[in-house]
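# Structure assessment
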Amino acid sequence: FAPDTLRINFNQDFSFRFQAFLYGSDIRGDGMSFVLTTQTTPALGGGGSDLGYGGSGMPGYAFAIDTFDFPGQPESPSLQILRDGSATPVAYTETGLGDDIRNLQSWSVEVRYTASGNNDETGLLEASIFRPDLGSFSVRSAADWSGVGSAETDPDTGDYLGRRVLYGFTASNGLASDGHLVTSLAPVPEPSTYAMLLAGLALMVSLVGRRSVSRRAM
């Protein structure tokens, strides 16, 4: 898990991107999950089929890549949206990939939240995995953050600012020898954020230009 929480405004779009490897040569491991929780201390669940997430009690949502078949569960490998520390998916997609999901070729993963636009901390949570040789697979679910954790507000105006969220990973191997490797995890600014960054950069360039002109004039 990240060492510090991140304040997220759930009335705005955001996403996380990372690279993932799931590899092994014998029995498939149980899988892994990417977690967004308002709990400030990370926790782990119990049984192998819980992906290290079920039974953790962490409020919030998780994106899971489930790679083992258990009775009564979606056929693996599947992509799942989980909630509030439960391993029972609120949405899932059966990929039909079989053991093709397990090797040392990297999957590009994106977890994206699209706000409803109603300023009610609800939206659509969508996660996708992509590899050039196998294509793209995704799962999506409605998400409601309005009652998860405590909202932060501006002390002067009372305006909503967001909620503190801890993000990271859980996984479980059961009796298998599979590995789960994640690299280059980062929150991704949305276009509006890029626009502000570009505007600030343009202002800095403009100020530098003016200073250069002023120096030449002197």
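These lines cover the structure that appears in this document, whether it is placed above or below. Small disclaimer: the values here were computed from a predicted structure and weren't measured.

## Notes on the pattern of salt bridges
Going through the model one piece at a time under the given rule, you end up with nine salt bridges. Across the pair Arg 7 and Glu 152 runs a salt bridge, and its minimum N-O distance is 3.3 Å. Of this pair, Arg 7 sits in strand β1 (residues 6-8) while Glu 152 sits in strand β10 (residues 151-153), and the two are 145 residues apart along the sequence. Residue Arg 7 is classed as partly exposed on the basis of its relative accessible area, which comes to 39%. The shortest N-O distance in the salt bridge between Arg 112 and Glu 110 comes to 3.0 Å. Residues joined in a network through salt bridges with shared partners are Arg 7, Glu 152 and Arg 164.

## Examining the packing of aromatic side chains
Remark: the centre distance and the inter-plane angle together describe each pair of aromatic rings, the angle taken between the planes. Enumeration according to the criterion identifies 12 aromatic pairs in this entry. On the basis of an interplanar angle of 50 degrees and a centroid distance of 5.0 Å, the ring pair of Phe 16 and Tyr 167 is categorised as tilted. With Phe 16 in strand β2 (residues 14-23) and Tyr 167 in strand β11 (residues 160-172), the pair connects residues that are 151 residues apart, well separated along the chain. Each member of the pair, Phe 16 as well as Tyr 167, carries the same accessibility label: buried. With 5.3 Å between their ring centres and 50 degrees between their planes, Phe 34 and Phe 169 make a pair best called tilted. Of the two residues, Phe 34 is situated in strand β3 (residues 31-37) and Phe 169 in strand β11; the sequence distance between them amounts to 135 residues. Phe 169 sits in the partly exposed class, given a relative accessible area of 24%. Three or more aromatic residues joined by ring pairs form one cluster here, namely Phe 10, Phe 14, Phe 16, Phe 18, Phe 34, Tyr 61, Tyr 113, Trp 145, Tyr 167 and Phe 169.

## Some thoughts on a nonpolar patch on the surface
On the surface, Tyr 23, Leu 104 and Leu 181 cluster together into a nonpolar patch covering about 290 Å² of accessible area. When you line up the elements, Tyr 23 lands in strand β2. Taking relative accessible area as the criterion, Tyr 23 reaches 33% and is therefore assigned partly exposed.

## Topic: the side chain of Thr 67
Of note, Thr 67 is situated in the loop between β4 (60-66) and β5 (78-83). Within the structure, Thr 67 has its side chain in polar contact with the backbone nitrogen of Gly 31 (distance 3.4 Å). Setting aside chain neighbours within four positions, we find Thr 67 in contact with Leu 22, Arg 28, Gly 29, Asp 30, Gly 31, Ser 76, Pro 77 and Ile 101.

Definitions and limits used
Residues numbered from 1 in each chain as written. Predicted model: local features only at pLDDT ≥ 70, side-chain atom pairs only at ≥ 80, totals over all residues. Heavy atoms only, no water. Salt bridge = Lys/Arg side-chain N within 4 Å of Asp/Glu carboxyl O. Helix = DSSP H or I, 4+ residues; strand = E, 2+ residues; numbered from the N terminus. Buried < 20%, exposed > 50% of the residue type's maximum accessible area, 1.4 Å probe, protein only. Phe/Tyr/Trp six-rings, centres within 6.5 Å; stacked < 30°, edge-to-face > 60°. Patch = residues over 30% accessible without salt bridge, like charges linked within 9 Å, V, L, I, M, F, W, Y side chains within 5 Å. Areas by Shrake-Rupley, 256 points an atom, 1.4 Å probe, with all protein chains shown as cover. Polar contact = N/O pair within 3.5 Å; in protein donor to acceptor, adjacent residues only side chain to side chain. Contact = heavy atoms within 4.5 Å.

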